[in-house]
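# Observations on the model geometry
Here's the letter readout for the chains.
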Amino acid sequence: MLTGRGGVVTGWGIAVPDKVVTNDDLSATMDTNDAWIVERTGIRERRIGGTTSGLAIEAGRRALEHAGRTPDEIDAVVLATTTPDAIVPGTSATVQDGLGIAGGAFDVNAACSGFVYGLSVAHGLLAIGARRLLLIGADTLSRITDWDDRSVAVLVGDGAGAVVLEAVDGPGQLLSWNVGADGSLRHLLKCDHGGYLYMDGKEIFRKAVRVLVDSALQAVSEAGLTIDDIDLMVPHQANLRIITAACQRLGIPEDKAVMVIDRYGNTSSASIPLALVDALETGRLEKGANVLLTGFGGGMTWASAVLRWGG
Ligand code: UT7
């Protein structure tokens, strides 16, 4: 990294709606079944409900408490979301108000890659003088889903995950990052104003594995590491088969990949922080571990980062 000032994660938290919707629940209202959904996606249940700002505020509050920080100590809230409460204002403004954050607030929309985009942007702010930031990934895809369209409805879930990032002298925890986009593929995954989420699942699947692998390899190499040095991979949770295929091509054993898709489905910007926090709370991520975060999504966009946990 080129900067003399880096960041470390000092707190984290998640929020998911209470309502659990199982595959059998969906099978009662549409032509699908548990066996198909589990085999093709790895999803067993998802959480549905709430608003993007509501979930983001809850996750953000937990992250602040965990970090031992108060809202007036935060220079900005960066909210990655692709399902804002409204077009204007940014949902981050509602989060700023809800938590009483002293500093600025802005949204980052890079679809499911949003959290890693946000992480990169946040480190940029830390490098130029921000002291503490609240980075949140929150989405409520259920609100833009046609619940009669089984091609999308079985995939989505709602949730939020947040981290507090604090500036440190020296390189901090971020060893490398990259962000990428190919807007000529924007037709593959889209939602027009007032419409429903559409995706060309097959084509996204094909492209996703390729961009994820390329972006991850670039991040590992720019971190000065090899694949064998990666202790934990935290991938976007869109489909278990995408994660498995990416692991195979990267040469990362599957047991190093964090999987929460069975419980939460595809939660877009929330999926990487939900998986990251799961790894932290189950003791899978210890100080000094090399962690690869990697995501892809509508745009298409993709992004990866390698962190040395704890800085
Ligand atoms: O966050 C990033 C964005 N999204 C993604 O990354 C999604 C990427 N794509 C995928 O995850 C997969 O392509 C899907 C899970 C969406 C679909 O899996 P697939 O293996 O590509 O299935 P398919 O679309 O080829 O459909 C196979 C069969 C079809 O029937 P026929 O033509 O073989 O008779 C579908 O009509 O499965 C049928 N089908 C279903 N059956 C039961 C499609 N959706 C369902 C369903 N339940 N929900």
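Reading the values: rules and limits
Residues numbered from 1 in each chain as written. Predicted model: local features only at pLDDT ≥ 70, side-chain atom pairs only at ≥ 80, totals over all residues. Heavy atoms only, no water. Domains from an automatic or database assignment. Contact = heavy atoms within 4.5 Å. Buried area = accessible area lost by both parts, 1.4 Å probe. Salt bridge = Lys/Arg side-chain N within 4 Å of Asp/Glu carboxyl O. Polar contact = N/O pair within 3.5 Å; in protein donor to acceptor, adjacent residues only side chain to side chain. Helix = DSSP H or I, 4+ residues; strand = E, 2+ residues; numbered from the N terminus. Buried < 20%, exposed > 50% of the residue type's maximum accessible area, 1.4 Å probe, protein only. Pairing = 2+ DSSP bridges. Axes fitted to C-alpha atoms, helices over the stretch in contact; angles between N-to-C directions. Core = buried A, V, L, I, M, F, W, Y, C linked by side-chain atoms within 4.5 Å. Near = heavy atom within 4 Å. Areas by Shrake-Rupley, 256 points an atom, 1.4 Å probe, with all protein chains shown as cover. Nonpolar A, V, L, I, M, F, W, Y, C, P; charged D, E, K, R; others polar. Expected span 1.5 Å × (residues − 1).

## Observations concerning the domain arrangement of the protein chain
Segmenting the protein chain into domains produces domain 1 (5-169) and domain 2 (174-308). Taking the mean C-alpha position of each, domain 1 and domain 2 sit 15 Å from one another. Facing the 46 residues of domain 1 at the interface are 43 residues of domain 2. Contact between domain 1 and domain 2 buries roughly 3,500 Å² in total, counting both sides, with carbon and sulfur atoms accounting for 68%. Considering only the side of domain 1, the residues that lose the most area to domain 2 are Trp 12, Cys 112 and Val 116, jointly responsible for 18% of the buried surface there. For the pair domain 1 and domain 2, the interface holds zero salt bridges. At the junction of domain 1 and domain 2, the tally comes to 17 residue pairs in polar contact (both at pLDDT 80 or more). Of all the secondary-structure elements, those providing two or more residues to the side of domain 1 that touches domain 2 are strand 1 (5-15), helix 2 (34-41), strand 3 (45-47), helix 5 (114-127), strand 6 (132-140) and strand 7 (158-169).

## Quick word on the pattern of salt bridges
Scanning the model with the defined rule gives nine salt bridges in all. The salt bridge partner of Glu 73 is Arg 69, with a shortest N-O separation of 3.1 Å. A relative accessible area of 24% places Arg 69 in the partly exposed class. Glu 166 serves as the salt-bridge partner of Arg 132, at 3.5 Å between the closest nitrogen and oxygen. Of this pair, Arg 132 sits in strand 6 while Glu 166 sits in strand 7, and the two are 34 residues apart along the sequence. Assigned by exposure class, Arg 132 and Glu 166 land together as buried. Ionic contacts of the salt-bridge type, sharing partners, join the residues Arg 69, Glu 73, Arg 132 and Glu 166 into one network.

## Digging into the sheet that holds strand 7
Across the sheet, five strands lie side by side as 1-7-6-4-5; this open sheet has mixed pairing. Edge positions in the sheet fall to strand 1 and strand 5 (104-108), since each of these pairs with one other strand and no more. Mean inter-strand twist for the sheet, computed between neighbouring axes without regard to direction, equals 20°. Pairing of strand 6 with strand 7, which is carried by nine bridges, proceeds in the antiparallel orientation. When the sheet's bridge partners are listed, Leu 134 is paired in strand 7 with Val 164. Set on the sheet, helix 10 (residues 271-281) makes contact with strand 1, strand 6 and strand 7; between it and strand 1 the angle comes to about 90°.

## A closer look at the nonpolar core
Most often, soluble globular proteins keep nonpolar side chains buried together rather than apart. Met 233, Leu 292, Phe 296 and Val 306 are the most contacted members of the largest nonpolar core, which totals 47 residues. Per element, the largest residue contribution to this core is nine residues, and it comes from helix 7 (residues 201-222). Both of domain 1 (5-169) and domain 2 (174-308) provide at least three residues apiece to this core. Those residues in contact with Val 306 that sit more than four places away from it in its chain are Gln 173, Leu 174, Leu 175, Ser 176, Ala 219, Val 220, Ala 223, Leu 225, Ile 230, Val 291 and Leu 292. Phe 115, Leu 119, Ala 130 and Leu 276 belong to the second largest nonpolar core, which has 40 residues in total.

## Comments concerning the environment of Met 300
Within the secondary structure layout, Met 300 lies in the loop between strand 12 (290-297) and strand 13 (301-308). Assessed through its relative accessible area of 2%, Met 300 is described here as buried. Sequence separation between Met 300 and Asp 231 is 69 residues, and the spatial gap between their C-alpha atoms is 27 Å. Met 300 has contacts with Gly 180, Ala 181, Asp 182, Leu 185, Arg 186, Leu 188, Lys 207, Ala 208 and Val 211, leaving out every residue within four places of it along the chain.

## Quick look at the site of the ligand
Looking at the ligand, there are 22 residues lining it, with Thr 32, Arg 40, Lys 202, Asn 239 and Asn 266 nearest. Between Arg 241 and the ligand, the recorded distance is 2.9 Å, taken from a side-chain N or O atom to an oxygen atom. For the ligand, the accessible surface in isolation is 960 Å², of which the surrounding protein chains cover 73%. Elements supplying a minimum of two residues to the shell around the ligand: helix 2, helix 7 and helix 8 (240-250). Among the residues making up the shell around the ligand, the classes are represented as eleven nonpolar, six polar and five charged. Split by domain, the shell around the ligand shows at least three residues from each of two domains, domain 1 (5-169) and domain 2 (174-308).

## Description of helix 5
At 3.6 residues per turn, the α-helix brings residues three or four places apart onto the same side. An ideal rise of 1.5 Å per residue puts 20 Å on 14 residues; helix 5 measures up with 20 Å between its terminal C-alpha atoms. Those residues of helix 5 that sit buried are Gly 114, Phe 115, Val 116, Tyr 117, Gly 118, Leu 119, Ser 120, Ala 122, His 123 and Leu 126. Following helix 5 by one or two positions, Gly 129 adopts a phi angle in the positive range, close to 125°.

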